[in-house]
Amino acid sequence: MPHRNISPDSPIGIFDSGIGGLTVVKAVQACLPSERIIYFGDTARVPYGPKSRVTIRRYAREDTEILMKHQPKMIIVACNTVSALALDVVEETAGDIPVIGVLKAGAELAARRTGTGKIGVIGTQATIGSNAYACAIQDQNEELEVISKACPLFVPLAEEGFIDHPATRLVAEEYLAEILGRNIDTLVLGCTHYPILRGMIERIVGPGITIIDSAEAVAGRARDLLREQGLLNCGSSKAVPHLLVSDLPQKFRELYRLFMGTEMPDVELIGL
């Protein structure tokens, strides 16, 4: 693929299977307020978590192609499932522009932060089933012990806005009990929806456990990489993210407000 005309003013492309990746948009905005962001949420085909590897890899290619039309200077894969099963597909489709996956960024940060070497990871069925977090963490240090747990009900509970709901607390206590029994000192939120439930998760695990938010980790990694490549946007204006979606569910505006804490900007509906 030929080298593209990218400059500090080129946008950062971010995609996710749906709305969860907005936690990554929010973290990138907080870290890099001047950057233009193009976000694609594949709301027509969400969730990716329960789908087969073949389907997830096809979706990853199509999602990347959509962002490439906007000539981004970097692509961030905000979907942990794609990060686990199809990062190579995204890299191949993106050609010579850098690609960062939330999974590796979260794994690196967890490996740096742990004191006891016992790290918990929670995520979707596909992410946990792929064992990708455990592999990525042990790539940093093979002595580290990783205890993983799939928490499939967290995504629908977050999207329902059940942030402080007793039902969410019951489910969270059930999911986290097993991990907490293994004396972890660090817990990776291995799904971009989970930061929405962070307050409740923190209350359950207690102050002695460090929470690793992959969204924050990936934003820091993006800043470092853009700085190295001389592609940081040093403008002073704050850019509003440009949103692309494959379907506009009725709840989208409400969910945007929940995830971002602001009113929703214009959204572009695109056909797949």
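Everything discussed here concerns the structure shown above.
Residues numbered from 1 in each chain as written. Predicted model: local features only at pLDDT ≥ 70, side-chain atom pairs only at ≥ 80, totals over all residues. Heavy atoms only, no water.

Draft legend 1. Seen up close, the layout of surface pockets. A volume near 320 Å³ is recorded for the largest pocket. For the largest pocket, the lining is made up of 23 residues, of which P47, Y48, G49, T124 and V155 are closest to its centre. Broken down by secondary-structure element, the contributors of at least two residues to the lining of the largest pocket are α3 (80-85), α6 (125-130) and α8 (154-159). Residue classes in the lining of the largest pocket are distributed as 11 nonpolar, 10 polar and 2 charged. Size it by volume and the second largest pocket reaches roughly 210 Å³. Contributing elements (two or more residues each) for the lining of the second largest pocket: α1 (22-31) and α11 (214-228). In terms of residues, the lining of the second largest pocket owes the most to one element, α1, which gives 5 residues. (1 Å grid on protein atoms, 1.4 Å probe; cavity = no way out; pocket = protein on both sides within 12 Å on 5 of 7 lines; lining within 4 Å. Points joined across faces, edges and corners; volume = space filled by probe spheres on them. Helix = DSSP H or I, 4+ residues; strand = E, 2+ residues; numbered from the N terminus. Nonpolar A, V, L, I, M, F, W, Y, C, P; charged D, E, K, R; others polar.)

Draft legend 2. Geometry of the sheet that holds strand β2 (residues 37-41). Sheet architecture is open: 6 strands sit in the order β4-β3-β1-β2-β9-β10, paired in parallel fashion. This sheet does not close on itself; its edge strands, each paired only once, are β4 (99-101) and β10 (267-269). The mean angle between the axes of side-by-side strands here comes to 20°, regardless of whether they run parallel or antiparallel. Two strands pair when backbone bridges link them, and strand β9 (residues 242-245) and β10 are joined in this way by 3 bridges, in the parallel orientation. Bridge pairing in β10 links L244 to E268. Across the face of the sheet, helix α2 (residues 53-68) comes into contact with β1 (12-16), β2, β3 (74-77) and β9 while running at roughly 150° to β1. (Pairing = 2+ DSSP bridges. Axes fitted to C-alpha atoms, helices over the stretch in contact; angles between N-to-C directions. Contact = heavy atoms within 4.5 Å.)

Draft legend 3. Summary view of the pattern of salt bridges. Taken as a whole and judged by the stated rule, the model has 19 salt bridges. Among the salt bridges present, the one from K73 reaches E35, with a minimum N-O distance of 2.6 Å. Separated by 38 residues along the polypeptide, K73 in the loop between α2 and β3 and E35 in the loop between α1 and β2 bring together distant segments of the chain. Comparing K73 with E35, the two get one shared label, buried. Two residues, R169 and E173, come together in a salt bridge whose shortest N-O distance is 3.0 Å. (Salt bridge = Lys/Arg side-chain N within 4 Å of Asp/Glu carboxyl O. Buried < 20%, exposed > 50% of the residue type's maximum accessible area, 1.4 Å probe, protein only.)

Draft legend 4. How the structure looks around the side chain of T168. Take T168: it is sitting in helix α9 (residues 166-180). Looking at T168, its side chain comes within polar contact range of the main-chain oxygen of F162, at 2.7 Å. Leave out the neighbours within four places in its chain, and T168 touches L157, F162, L197 and M200. (Polar contact = N/O pair within 3.5 Å; in protein donor to acceptor, adjacent residues only side chain to side chain.)

Draft legend 5. The arrangement of unusual backbone geometry in detail. Across the junction of V46 and P47, the peptide omega takes the value 0°, indicating a cis bond. Locating P47 in the fold gives a position in the loop between β2 and α2. If you check the backbone angles, Q71 has positive phi at about 50° while not being a glycine. Secondary-structure assignment places Q71 in the loop between α2 and β3. Q71 sits in the partly exposed class, given a relative accessible area of 38%. Notably, N183 is not glycine yet its phi reads approximately 60°, a positive angle. Mapped onto the secondary structure, N183 falls in the loop between α9 and β7 (186-190).

Fair warning: the whole summary comes from geometry, so function is off the table for now.
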